[in-house]
Amino acid sequence: MSENKKVIGEIKELLTHNAKSYMMYAALLVIMIVFQIWTGGLFFTAGNISNLFNQAAYVAVLAIGMTLILILKHIDLSVGYVAGLSGAVAAILMEKAGVNVWLAILIVLAMGLVIGFIQGSIVTKIGVPAFVTTLAGMFIFRGLLTRSLSGTGTIVIDDPAYKALCQGFIPDIPGNTSGIHIVTMIIGVLLVAAIVAGQVKARNNKIKYGFQVTSFPVFVMGMAAVSVVILIVCWMLACYRGIPVSAVIVGVILAAYSFMLSKTRLGRYIYGIGGNEQAAELSGVDVKKVTLFAFVSMSVLAAVAGILYSSRLSSATPTAGNAFEMDAIASSYIGGTAVSGGVGKVTNAIVGTFVIMSLTNGMNLMGIDISYQYIVKGIIFIIAVAFDIRSRKIMNN
Amino acid sequence: MEQDHILEMRHITKEFPGVKALNDVNFKVKRGEIHCLVGENGAGKSTLMKVLSGVWKYGTYTGDIVYDGEVRKFTGIADSEKAGIAIIYQELALFPELPIYENIFFGHEILKGKQIDWNETVVQAKEVLKKVRLNVDPSMKLERLNTGNRQLVEIAKALSKKCRLIIFDEPTSSLNEDDSENLLNLMRELKESGVTCIMISHKLREVTAIADTITVLRDGSTICSLDAKTDDISEANIIKHMVGRTITDIYPKRPGSAPGDIMLSVKDLSVENTATGHKSLRKVSMNVRRGEIVGIQGLMGAGRSTLARTIFGHTDGHRITGGEITMDGKKAMFASPQDAIDHGLAYVSEDRKGNGLILMQDIKSNITFANLKALAEGLSINDAKEVQEAERYKEDLNIKAPSVEQKTESLSGGNQQKVQIAKWLFTEPKVLILDEPTRGIDVGAKYEIYTIMNRLVEQGMSIIMISSELPEVLGMSDRIYVMSEGSITGELSAKEATEEKIMKMAVNA
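Worth saying up front: this structure is predicted, and the values here are computed from it rather than measured.

About the thresholds
Residues numbered from 1 in each chain as written. Chains lettered and ligands numbered in written order. Predicted model: local features only at pLDDT ≥ 70, side-chain atom pairs only at ≥ 80, totals over all residues. Contact = placed C-beta atoms within 7 Å. Helix = DSSP H or I, 4+ residues; strand = E, 2+ residues; numbered from the N terminus. Nonpolar A, V, L, I, M, F, W, Y, C, P; charged D, E, K, R; others polar. Pairing = 2+ DSSP bridges. Axes fitted to C-alpha atoms, helices over the stretch in contact; angles between N-to-C directions. Domains from an automatic or database assignment. Parallel < 35°, antiparallel > 145°, perpendicular 65-115°, else oblique.

S.K.: Looking at this model, I keep getting lost on the interface of chain A and chain B. Mind explaining?
M.R.: Buried accessible area, meaning the area lost when the parts come together, often serves as the stated size of an interface. Facing 20 residues of chain A, the contacting portion of chain B comprises 25 residues. Among the secondary structure elements, those contributing two or more residues to the side of chain A that touches chain B are α11 (265–275) and α12 (277–282) of chain A. Residue contributions to the side of chain A that touches chain B peak at 5 residues, all from α11(A). Residue classes in the side of chain A that touches chain B are distributed as 6 nonpolar, 9 polar and 5 charged.

This is the structure:
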């Protein structure tokens with residue numbers, strides 16, 4: 001009995017101390033359940049979950065890059081039209097110039113790199129605030145996007161490999177007729193194993209150095225919950241057509257950035273600059289170089305987002321890119337990136353993306369007009385950030 | 001006849017967390033006099049004036065302010081200004097982009113109905129400018145005036161508000177000799193016209209030249225008030241009152257060993273501010289040997305931190321115009337802090353919250369931040385090793401915290417300072433520059449930091465210690481350089497140095 005009470009007490013304490021991060025997951029869960037009910041069970045279907053992944057992919061990629069920028073106390077408003085332009089250039093190269101699909105993608109990524117380098121240099125070398133620099137970029141890339149498609153209008157993309165990026169699914173073992181996507185289940189199990197192994201190792205390390213850790217039952221419950229969620233999603237996807245390619249692309253980028261931020265020197269420097277720029281500079285950090293890197297990475301990721309978006313629509317349109325930056329910035333903030341910089345996680349930014357995109361997806365299913373969608377998203381966004389700032393203040397007192 | 005006092009501050013006590021900045025201070029100012037307030041850095045002069053002008057509101061201090069015969073409870077600057085008290089700050093509170101007349105009447109605009117009466121504003125601006133003898137077109141932008149004239153505009157602003165008591169906080173610290181002389185003359189004229197002046201100043205020559213009364217503060221207490229007519233107001237006597245303290249054994253002894261070879265040497269280093277052209281350092285020469293603590297003393301603005309930062313490769317708006325720095329016999333003009341760190345130099349900043357620590361991060365991240373290279377394993381950082389190293393320093397320097405994952409913002413000043421020192425020791429420096437190593441920390445933590453310093457020099461490290469606290473410089477240094485206005489004005493060995501000698505060199509204006 002008393003053992004049970006202790007565990008419950010610990011969970012309570014955990015919930016109050018981490019209210020902020022749990023709040024985000026809780027919000028996501030509530031949104032999903034509400035839509036499941038309101039849409040009469042349409043939301044939680046394998047088809048719609050696959051669709052949600054594809055819909056959310058480009059915002060997720062942008063949110064990852066944006067999180068770095070926001071930690072550094074900058075902002076990038078140009079990402080939407082950089083993405084739009086990237087999709088258009090890819091389409092023109094493939095459909096009009098007959099360039100090979102992979103070469104076209106490479107060229108587009110290189111273009112993103114150059115754009116990021118120019119904008120980042122203006123911010124760091126000349127000292128124009130990022131808000132102004134990228135606002136100018138927003139104008140310019142919007143113009144370039146319209147210009148590039150002015151002769152042709154919307155270009156339809158036929159290349160199957162390109163379309164598969166954000167419409168396709170990972171291949172299964174040849175000859176599998178069971179109706180269950182085996183590779184998906186294998187990936188699911190491996191993912192669970194990797195997460196559990198990682199967490200166990202981290203916990204043992206903490207115990208070794210005498211840090212406070214959650215008690216064993218609570219730890220097991222947490223791990224079990226995470227594992228169950230992953231396995232259920234994989235099962236649903238396996239019963240349908242498997243894991244979407246877009247989810248794999250986002251997963252790889254997420255893993256790379258998460259590793260970079262938490263495990264490498266560059267990541268430490270980014271948090272350090274965001275936390276106290278002068279201290280970082282006096283500690284020998286090349287603040288300009290690190291900032292420049294963040295802008296380059298942002299624009300390259302914007303190019304990736306543009307490719308994913310045009311792949312999903314099988315076309316490049318002059319309106320692509322409109323308001324992408326809004327979703328990306330909102331995702332990152334909903335995911336707990338501090339408005340005052342120095343704090344933020346890319347994994348949480350992805351959760352933020354799913355909050356925003358579940359709203360879009362669910363409201364689309366319900367046939368709610370786009371005008372209301374914006375209003376609802378805005379309200380959820382401001383509540384999330386207000387809650388974040390509030391709980392930060394409470395934690396500090 | 002009873003003396004007529006315009007101001008009496010009685011039993012003023014003001015505490016900050018951990019420090020008593022003012023301790024039962026009594027301060028009386030006669031109507032129509034020039035009253036100078038002197039004392040070492042941190043003696044409480046500025047705090048006292050902030051209490052008077054309402055920056056520290058009524059209720060945040062104890063004691064009474066009696067002004068013009070009434071007890072006043074000021075709740076802000078606007079409040080004290082209404083009563084007729086103005087304060088002229090070191091950093092001028094003006095708007096360079098606005099015309100002079102707008103600057104003068106900013107915040108108390110002349111209205112006609114609901115609108116600003118610009119014509120009347122200009123007329124009145126001309127009048128007050130005449131009073132401060134500044135002969136310029138009031139519609140000129142303020143930015144076209146030099147520092148001295150801007151100060152006159154600030155005084156004009158005070159006069160336009162009909163202020164009867166004007167406080168000058170280090171008014172001549174950034175002025176050249178002619179402008180300083182001008183300002184002192186103006187103060188005399190103001191006195192003639194019935195305005196009472198309080199001047200805070202480090203420049204004792206000016207103080208003795210102009211003061212009717214001199215009040216000396218030391219460690220947050222009033223030491224004495226000297227009347228220029230009846231008391232001895234020689235510089236020597238003032239200095240005696242300013243320092244008059246005996247060094248107790250708050251400085252741990254270290255076995256005196258002969259210092260080694262010259263580790264770092266600066267020769268004829270000159271530096272100027274790129275924006276203002278102000279010469280921040282003039283032909284500074286100094287050196288530090290292996291296993292030696294060299295103290296650099298000087299008053300605020302003497303150029304001590306600029307010297308340290310220039311050596312550290314962080315020029316920050318300054319340009320080196322001449323001279324040479326060598327380290328270990330090799331040329332060492334470092335282009336960036338990274339360059340300096342790589343060559344074995346470390347700089348513990350004087351402002352640990354502003355540009356020393358990353359307060360939102362934990363102890364271990366702060367300690368390892370300047371030398372993450374040492375923890376790198378391929379691409380990634382070895383987290384386990386990071387914890388080990390941080391734990392080692394936590395133990396070594398006795399950083400009091402439940403774990404190295406404690407955020408630094410929740411630590412006391414002394415422990416924050418130890419984290420800062422740990423951070424730089426982790427870079428394994430040969431020369432450690434400590435800028436105000438014990439500012440704002442309690443006596444116990446100070447002792448610990450002194451002990452750490454002694455241990456480091458015994459291991460052969462060289463330490464340059466910049467400090468405003470005279471006893472600390474005397475207690476810890478093997479050798480002392482004194483700076484004043486960007487120059488080294490003297491070098492003393494630990495044996496020959498006394499507080500009086502250092503002060504004389506430091507106020508050498």
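The rest of the description comes next.
S.K.: Help me out: how do you make sense of the sheet that holds strand β22 (residues 462–467) of chain B in this one?
M.R.: Think of a sheet as strands paired side by side through backbone hydrogen bonds, with each pair either parallel or antiparallel. All names here are of chain B. Here we have 6 strands laid out as an open sheet, ordered β18-β21-β22-β15-β23-β24, and mixed in their pairing. Either end of the sheet is taken by a strand with one partner, and the two such strands are β18 (345–348) and β24 (487–493). Adjacent strand axes in the sheet meet at a mean angle of 20° when their direction is disregarded. Bridge analysis of strand β15 (residues 293–298) against β22 gives 5 bridges, and the strand direction is parallel. In the sheet register, Gly 295 faces β22, and the bridge partner there is Met 465. Packed onto the sheet, helix α17 (residues 499–506) meets β15, β23 (479–484) and β24 and runs at close to 30° relative to β23.

S.K.: I tried to follow the domain arrangement of chain B on my own but got confused; where do I start?
M.R.: Residue and element names in this part refer to chain B. Entries for chain B in the domain assignment read domain 1 (5–243), domain 2 (260–344 + 429–509) and domain 3 (357–428). When each unit is reduced to the centre of its C-alpha atoms, the spacing between domain 1 and domain 2 is 33 Å. Between domain 1 and domain 2, the residue contacts involve 14 residues of the former and 13 residues of the latter. Per-element accounting of the side of domain 1 that touches domain 2 gives the leading share, 4 residues, to helix α8 (residues 235–243). Of the residues contributing to the side of domain 1 that touches domain 2, the split by class is 5 nonpolar, 5 polar and 4 charged.

S.K.: Looking at this structure, I do not really get the sheet that holds strand β17 (residues 330–331) of chain B. What am I missing?
M.R.: Residues and elements named next belong to chain B. Reading across from one edge, β14-β13-β16-β17 is the order of the 4 strands in this open sheet, with antiparallel pairing throughout. Two strands in the sheet have a free side with no partner beyond their single neighbour: β14 (279–289) and β17. Where strand β13 (residues 262–273) and β14 come together, 7 bridges link them in antiparallel fashion. In the strand pairing of β14, Val 271 is matched with Leu 281. Helix-sheet contacts for helix α9 (residues 304–311) involve β13, β14 and β16 (318–327), and the interaxial angle to β14 is about 65°.

S.K.: Is there a simple way to think about the packing of helix α10 (residues 245–263) of chain A against α11(A) in this case?
M.R.: Residue and element names in this part refer to chain A. Put simply, α10 and α11 touch, their axes get as near as 5 Å, and they point 70° apart. Taken together, the axis directions place α10 and α11 in an arrangement best described as roughly perpendicular. Of the residues in α11, those touching α10 at Met 260, Leu 261, Ser 262 and Lys 263 are Leu 266, Gly 267 and Ile 270. Grouping the amino acids of the contact of α10 with α11 by side-chain chemistry returns 4 nonpolar, 2 polar and 1 charged.

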